[in-house]
Amino acid sequence: MFRFAFGVFPAQRPDCWRRVVRRSAAWGRAGLALVLFWTAGAPAAWAARCPDLVLVLALDASGSVNDAEFRLQIQGYADAFRSPSVQNAIMSAGQVQVAMVVWADGEMSSQVLPFQDVSNRRAAEAFAQRIDALDRRVTGNTGIGRGLWTALDLIALDMSCAPRRLVNVSGDGAETMIARARENIALNVARMRAAAMGVTVNGLAIQTSRPDLAEWYGRNLVTGPGAFVMSVSTLASFSEAINAKLVREISVPLLAADQPVPTGGIRKGL
């Protein structure tokens with residue numbers, strides 16, 4: 001007779017064994033039904049909340065950008081989401097979620113407007129109003145790495161399932177290279193993280209003080225499939241450029257290839 005600490009093994013009791021087999025089969029059928037229920041429902045639920053495109057706008061507010069220039073950038077982004085061309089691009093792209101990161105010194109936390117669905121004209125207008133209302137709370141050195149890292153954090157937190165993930169960086173200077181405390185995120189580290197995540201990083205170089213900034217962005221910032229750099233020589237051209245840039249980024253890839261680069265801009269695919 002087989003004995004265990006908890007009693008007699010069912011092999012000694014044929015009737016008990018049959019009951020165990022029947023119950024196990026019933027439990028197995030119930031368990032299988034439950035698994036099928038969850039596996040059938042989960043992809044649909046996941047797909048329902050997973051957008052076709054996520055885009056983070058990473059905006060320079062470092063010390064080289066005065067308050068009037070900052071407002072010009074803010075106004076340019078807000079106007080873009082009100083423009084028919086950007087709204088039409090959004091309509092063509094499917095479900096689109098957009099967030100904004102305002103970055104400056106690498107030792108400071110960036111300002112964040114969390115992701116918002118902009119997939120229809122009313123939603124795009126609502127996002128434009130949020131941009132309009134944004135007050136500047138950061139300044140200092142040019143910490144592009146911190147801004148990019150914050151943008152990647154937003155994507156990794158809840159938007160990593162999106163098939164298209166983009167960060168749009170605009171700024172007027174190269175990364176500040178000075179001795180930093182441990183809180184700083186180096187741009188090359190943030191760029192490698194973007195590449196590992198499969199996130200495309202594009203740049204809009206405002207070349208008001210550094211004429212070769214677009215080339216610097218091409219070497220040190222942009223990464224990913226179809227990545228490109230555009231440039232403007234004055235902030236007066238920013239609104240037109242950011243509108244064209246957003247149309248190119250948001251449009252589905254086959255349509256984006258037909259979008260022209262605005263006068264004065266360059267495109268650098270990597």
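Since we're looking at a predicted model, the values are computed, not measured.

Another aspect to go through is the environment of Leu 55. In this structure, Leu 55 sits in strand β3 (residues 53-60). Linking Leu 55 and Ile 250, residues 195 residues apart in sequence, is a C-alpha distance of 8.1 Å. The residues touching Leu 55, leaving out its near neighbours within four places in the chain, are Gln 97, Val 98, Ala 99, Phe 115, Leu 166, Asn 168, Leu 246, Glu 249 and Ile 250.

Our focus in this paragraph is the pairing of strand β7 (residues 200-206). β7 sits mainly inside the fold: seven of its seven residues count as buried. Along β7, one buried face is formed by Thr 200, Asn 202, Leu 204 and Ile 206 and the opposite face, lined by Val 201, Gly 203 and Ala 205, is buried too. One ladder, built from six bridges, connects strand β6 (residues 164-171) with β7; its direction is parallel. From the neighbouring strand, Asn 168 faces β7, where its bridge partner is Asn 202. With four bridges connecting them, β7 and strand β8 (residues 229-232) associate as parallel partners. Its bridge partner lying in β8, Gly 203 is registered against Val 229. Once you follow β7 into helix α7 (residues 213-220) and on to β8, the crossover reads as right-handed.

Now for the sheet that holds β7. Taken together, six strands build an open sheet; the order of strands is β5-β4-β3-β6-β7-β8 and the sheet is mixed. Two strands close off the open sheet at either side, each with one partner strand: β5 (111-117) and β8. Strand after strand, the sheet turns through a mean of 15 degrees between neighbouring axes, direction not considered. Those strands touched by helix α8 (residues 238-250) are β3, β6, β7 and β8, and its axis lies near 165 degrees from that of β6.

Turning our attention to the packing of helix α2 (residues 67-82) against helix α4 (residues 121-132). In contact at an axis separation of 8 Å, α2 and α4 are set at 170 degrees when each is read in the N-to-C sense. On the basis of their axis angle, the class for α2 and α4 is roughly antiparallel. Between α2 and α4, the contacting residues are Arg 71, Ile 74, Gln 75, Tyr 77, Ala 78, Phe 81 and Arg 82 on the first element and Ala 124, Glu 125, Phe 127, Ala 128, Gln 129, Ile 131 and Asp 132 on the second. Along the lines of polarity and charge, the residues of the contact of α2 with α4 split into eight nonpolar, two polar and four charged.

A word on the confidence of the model for the protein chain. Taken over all residues, the pLDDT of the protein chain has a mean of 82, while the share at 70 or more is 74%. The secondary structure element of the protein chain with the lowest average pLDDT is strand β1 (residues 3-4), at 32, and the one with the highest is strand β4 (residues 96-103), at 98. For residues 1-14, every residue scores under 50 in pLDDT, and the model assigns this stretch six contacts once sequence neighbours within four places are set aside. Within the model, pLDDT remains below 50 along residues 255-270, and this stretch shows 34 contacts once partners closer than five positions in the same chain are excluded.

What follows covers the packing of aromatic side chains. Here the structure, examined in full by the defined rule, presents three aromatic pairs. Ring centres of Phe 81 and Phe 127 lie 5.2 Å apart, and the angle between their planes is 75 degrees; on these two criteria the pair is classed as edge-to-face. A residue pair is termed long-range when its members are at least 10 positions apart, and Phe 81 in helix α2 and Phe 127 in helix α4 qualify at 46 residues. Note on Phe 127: relative accessible area 0%, which makes it buried. With a centroid separation of 6.1 Å and an interplanar angle of 55 degrees, the aromatic rings of Trp 216 and Tyr 217 are classed as tilted. Accessibility classification places Trp 216 together with Tyr 217 in one group, the buried group. Across from the ring centre of Trp 149, 4.4 Å away, lies the NZ or CZ of Arg 193, which sits over that ring. Above the plane of the ring of Phe 228 lies Arg 248, whose end atom (NZ or CZ) is 5.3 Å from the centre.

Glancing now at the nonpolar core. Grouped together as the largest cluster of nonpolar side chains are 43 residues, with contacts concentrated most on Leu 57, Phe 81, Met 100, Ile 131, Leu 246 and Ile 250. Top element by residues in this core is α8. It accounts for seven residues. Residues Val 101, Met 159, Leu 187 and Val 201 belong to the second largest nonpolar core, which totals 34 residues.

Those residues of helix α3 (residues 84-93) lying buried are Val 86, Gln 87, Ala 89, Ile 90 and Ala 93. Looking straight down α3, one finds that the buried residues subtend no more than 155 degrees of arc, so they occupy a single side. In the segment just after α3, Gly 94 is the residue with positive phi, at about 95 degrees.

Quick notes on the rules
- Each chain has its residues counted from 1, running along the sequence as written.
- Local features in a predicted model are, by the rule used here, given only for residues with pLDDT of at least 70; side-chain atom pairs are given and counted only at 80 or more, and totals for whole chains, interfaces and linings are based on all residues.
- Excluded from the side-chain calculation are hydrogens and water; included are all heavy atoms of the structure.
- Only DSSP runs of H or I with at least four residues qualify as helices, and only runs of E with at least two residues qualify as strands; both kinds are numbered from the N terminus onward.
- When checking whether two residues touch, look at their non-hydrogen atoms; a contact exists if any pair is within 4.5 Å.
- We call a residue buried when its accessible area falls under 20% of the maximum for its residue type, exposed when it is over 50%, and partly exposed in between, using a 1.4 Å probe and counting protein chains only.
- Paired strands are those between which DSSP finds at least two bridges.
- Throughout, right-handed denotes a crossover for which the path from the first strand over the helix to the second runs clockwise when the strands point away from the viewer.
- For helices, the axis comes from a line fit to the C-alpha atoms of the stretch in contact; other axes are also lines fit to C-alpha atoms, and the angle between any two N-to-C directions lies between 0 and 180 degrees.
- Put simply, angles under 35 degrees are roughly parallel, angles over 145 are roughly antiparallel, angles from 65 to 115 are roughly perpendicular, and the rest are oblique.
- All residues other than Ala, Val, Leu, Ile, Met, Phe, Trp, Tyr, Cys, Pro, Asp, Glu, Lys and Arg, Gly among them, are scored as polar; the first ten of these are nonpolar and the last four charged.
- On a scale of 0 to 100, pLDDT captures the predictor's confidence in every residue.
- Between the rings of Phe, Tyr and Trp (Trp by its six-membered ring), a pair exists once the centres lie within 6.5 Å; its type follows the angle of the planes, with under 30 degrees stacked, over 60 edge-to-face, and the other angles tilted.
- Throughout this description, the term charge over a ring refers to an Arg CZ or Lys NZ atom that lies within 6 Å of the ring centre and within 35 degrees of the ring normal.
- Among buried residues, those of type Ala, Val, Leu, Ile, Met, Phe, Trp, Tyr and Cys that are joined through side-chain atoms within 4.5 Å constitute a nonpolar core.
- The directions from the helix axis to the C-beta atoms are what the arc is built from.

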